[in-house]
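# Structural overview for review
Chain residues, written in single-letter form:
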Amino acid sequence: MSIGVLQTVLPVEAPTPVEPLESLVREAKEGLSYDRTISRRFVHRASVTEVFLTDAAVAGADRFLVGAQLPRNHALYRPETTGQCDFMLLVETVRQAGIFLSHRYHDVPLGHHFIFKALSLRISDPAALRVGCGPLAVVLDVKVVTPAGGRNPRRFDARFDMVIEVGGRECARASAGVVVIDGVRYGRLRQRGRAAGTAAAPPGTSAYETSPYETSPYGTSAHGTAAGADDDRYVLRPVPAAEERTRPAGVREWRLHVDPAHPGYFEHPSDHVPGMLLLEAFRQAARETAGGAALTTLDADFAVFGELAEAVAVEAAPTEDGRVRLSATQGGRVLATAVARCA
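Since this is a predicted model, take the numbers as computed values, not measurements. (Residues numbered from 1 in each chain as written. Predicted model: local features only at pLDDT ≥ 70, side-chain atom pairs only at ≥ 80, totals over all residues. Heavy atoms only, no water.)

## Some words on the overall build of the protein
We count it as follows: Secondary structure follows DSSP: runs of H or I at least 4 residues long count as helices, runs of E at least 2 residues long count as strands, and numbering of each begins at the N terminus. Here the term buried applies to any residue with accessible area under 20% of the maximum for its type, exposed to any over 50%, and partly exposed to those in between, with areas from a 1.4 Å probe on protein chains only. By the convention used here, residues are in contact when the closest approach between their heavy atoms is within 4.5 Å. The protein chains shown are the only cover counted for residues, whose accessible areas, like all others here, come from Shrake-Rupley with a 1.4 Å probe.
Within the protein, the regular secondary structure consists of 4 helices and 12 strands. In the protein, which comprises 343 residues, the proportion classed as buried is 50%. Taking contacts inside the protein between residues at least 6 apart in sequence as the whole, the part at least 24 apart equals 69%. Accessible surface, the protein: about 16600 Å² in total, of which carbon and sulfur atoms supply 54%.

## Brief notes about the pattern of salt bridges
To keep things clear, this is the line we draw: When a carboxyl oxygen of Asp or Glu is within 4 Å of a side-chain nitrogen of Lys or Arg, the pair counts as a salt bridge.
Using the criterion set out here, one finds 28 salt bridges in the structure. For E165, the salt bridge is made with K29, and the minimal N-O distance between the two is 2.9 Å. Linking E165 in strand 5 (residues 156-166) with K29 in helix 1 (residues 21-31), this pair joins segments that are 136 residues apart in sequence. Residues E165 and K29 agree in their burial class; the two are buried. The salt bridge partner of E253 is R247, with a shortest N-O separation of 3.4 Å.

## Some thoughts on the side chain of Q330
Keep this limit in mind: By the criterion applied in these results, polar contacts are pairs of N or O atoms within 3.5 Å in which, for protein atoms, one can donate a hydrogen and the other can accept it, and in which residues neighboring in sequence qualify only through two side-chain atoms.
Within the fold, Q330 resides in strand 11 (residues 323-330). Given a relative accessible area of 0%, Q330 falls into the buried group. A distance of 2.8 Å separates the side chain of Q330 from the backbone oxygen of E307, its partner in a polar contact. When sequence neighbours within four positions are dropped, the list of residues in contact with Q330 reads F305, G306, E307, E310, A311, V312 and L335.

## Remarks on the pairing of strand 5
This is how the line gets drawn: Whether two strands pair depends on DSSP finding at least two bridges between them.
Counting buried residues in strand 5 gives 9 out of 11 residues, a clear majority hidden from the surface. Two strands pair when backbone bridges link them, and strand 4 (residues 136-145) and strand 5 are joined in this way by 8 bridges, in the antiparallel orientation. The residue of strand 5 that forms the bridge with D141 is V163. Where strand 5 folds back on strand 6 (residues 169-181), the antiparallel hairpin that results is connected by 2 residues, among which G167 adopts a positive phi of roughly 60 degrees.

## Some thoughts on helix 4 (residues 275-289)
Condition: To estimate the expected span of a helix, count its residues, drop one, and scale the result by 1.5 Å.
If you check helix 4, its first and last C-alpha atoms are 21 Å apart, about what 15 residues at 1.5 Å a residue would give, namely 21 Å. Of all 15 residues in helix 4, 14 are buried, a share of seventy percent or more. Immediately beyond the C-terminal end of helix 4, within one or two residues, lies G291, with a positive phi of roughly 75 degrees.

## Regarding helix 2 (residues 87-105)
An α-helix turns once every 3.6 residues. As a result, residues three or four positions apart point the same way. Spanning 19 residues, helix 2 covers 27 Å between terminal C-alpha atoms, matching the ideal 27 Å at 1.5 Å per step. For helix 2, the N-terminal cap is D86; the gap from its side-chain oxygen to the backbone nitrogen of M88 is 2.7 Å. Within two residues after helix 2, D107 carries a phi angle of roughly 60 degrees, on the positive side.

## Some details on the packing of aromatic side chains
Heads up, the rule is: Note on aromatic contacts: the rings of Phe and Tyr and the six-membered ring of Trp form a pair at centre separations within 6.5 Å, being stacked when their planes are under 30 degrees apart, edge-to-face when over 60 apart, and tilted otherwise. The criterion for a charge sitting over a ring is simple: Lys NZ or Arg CZ within 6 Å of the ring centre, and within 35 degrees of the ring normal.
Taken as a whole and assessed by the stated rule, the structure comprises 5 aromatic pairs. With a centroid separation of 6.2 Å and an interplanar angle of 85 degrees, the aromatic rings of F42 and F100 are classed as edge-to-face. Highlighted residues: F42 in the loop between helix 1 and strand 1 (53-60) and F100 in helix 2, separated in sequence by 58 residues. Take F42: its relative accessible area is 23%, and that puts it in the partly exposed class. Since its relative accessible area comes to 6%, F100 is described here as buried. Taken together through their ring pairs, the aromatic side chains of F42, F64, F100 and Y105 make up a single cluster. Over the aromatic face of Y105 sits the side chain of R104, whose NZ or CZ is 4.7 Å from the ring centroid. The ring of F305 carries the charged tip of R190 above its face, separated from the ring centre by 4.7 Å.

## Digging into the pairing of strand 4
With 7 of 10 residues buried, strand 4 lies mostly within the body of the structure. As paired strands, strand 2 (residues 63-70) and strand 4 are joined by 8 bridges and run antiparallel to one another. From the neighbouring strand, F64 faces strand 4, where its bridge partner is V142.

## A word on the environment of L65
Take L65: it is sitting in strand 2. Residue L65 is classed as buried on the basis of its relative accessible area of 0%. Sequence separation of L65 and V139 is 74 residues, and the distance between their C-alpha atoms is 6.7 Å.

## Brief notes about the confidence of the model for the protein
Heads up, the condition is: Residue-level confidence of the predictor is what pLDDT reports, using numbers from 0 through 100.
Of all residues in the protein, 83% have pLDDT values of 70 or greater, and the mean over the chain is 85. Every residue in residues 1-8 scores below 50 in pLDDT, and together they form 0 contacts with partners more than four places removed in sequence or on other chains. Taken together, the stretch residues 198-229 has pLDDT below 50 and engages in 112 contacts with residues farther than four places along the chain or on a different chain.

## Topic: the packing of helix 2 against helix 4
Applicable threshold: Only the stretch in contact is used when a helix axis is fitted, and all axes are lines through C-alpha atoms; the angle between N-to-C directions ranges over 0 to 180 degrees. Under this scheme an angle from 65 to 115 degrees is roughly perpendicular, one under 35 degrees roughly parallel, and one over 145 degrees roughly antiparallel; angles in between are oblique. If you view the pair so one helix is near and one far, a crossing is left-handed when the near helix is turned anticlockwise from the far one by less than a right angle, and right-handed when it is turned clockwise. Gly is placed with the polar residues, together with every amino acid not listed as nonpolar (Ala, Val, Leu, Ile, Met, Phe, Trp, Tyr, Cys and Pro) or charged (Asp, Glu, Lys and Arg).
Interaxial distance between helix 2 and helix 4 falls to 11 Å at its minimum, and their mutual angle equals 155 degrees. With respect to helix 4, the element helix 2 is oriented roughly antiparallel. Where helix 2 crosses over helix 4, the handedness of that crossing is right-handed. For the pair helix 2 and helix 4, contact is made by F87, M88, V91, E92 and R95 and by M276, L279, E280 and R283, respectively. For the contact of helix 2 with helix 4, the residue count by class is 5 nonpolar, no polar and 4 charged.

Dropping the structure here:
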């Protein structure tokens, strides 16, 4: 009789499953705090009341989560007639997120100048942005895209692609392209532009951040008292009769009202026309062209700096597919262009 060998087979423990990344991201989103705003220095704001970001967390390689609290009402940003939050309030939140992440996680020193090349925002779910009985708690899921080949120590280039959520519900997507340089290079850049009479910026760039402003021929009029403006946020003015010209059918034109004393558009001093002022002008021109409907999409590109001492023309033209093409020009130079869509 053969004797068999009894082998005891011990159970093999199954490997512990790795928790999915999205589960970790979800937990990180739920852990964002809305108790207080971040330091105003990190978003280039002079007043703490103009800061909307509250918290941030790392969610992976070049992926970040940013918390923001949007006020129900604001001196500059007020609810749309549709009941949703101000389109430009979202744009400003996107702008702040790009600046904050650059300082906090990409070692960009405070005091550097942010030159925004492009900024876009597309709302997909307006209902999620409806203003209710309290401020909106927003999460920006941000992917930072930087050029391959390592970082240039003299400048920082990046694109911030963002998914905007309210209550776990995606409601918009945004993107901001930026170049950051130090004060010395910024000063040289502005000096070359003025000397050449072209207000030149690096190819495909323009700026709207710090630096003392210069004297403007527009003066320091009291807010809301300019001719034809019942709302201190309204920045478009009729074209002076002496400057009227023949335009193609359907094309409308205005002059940009620049008031360096305005507490909103010039919340801190600037030596050029602020980019947010140009974007607000585009929003207003698009709405005028589209019969007052609220914006749902704005894709803007900045070309060169706009000088405070020269008039800026804002032009809008409807397209066959229902969009509005926009441009801001100064002395024959294109400062910025955009394409907008209204609800």
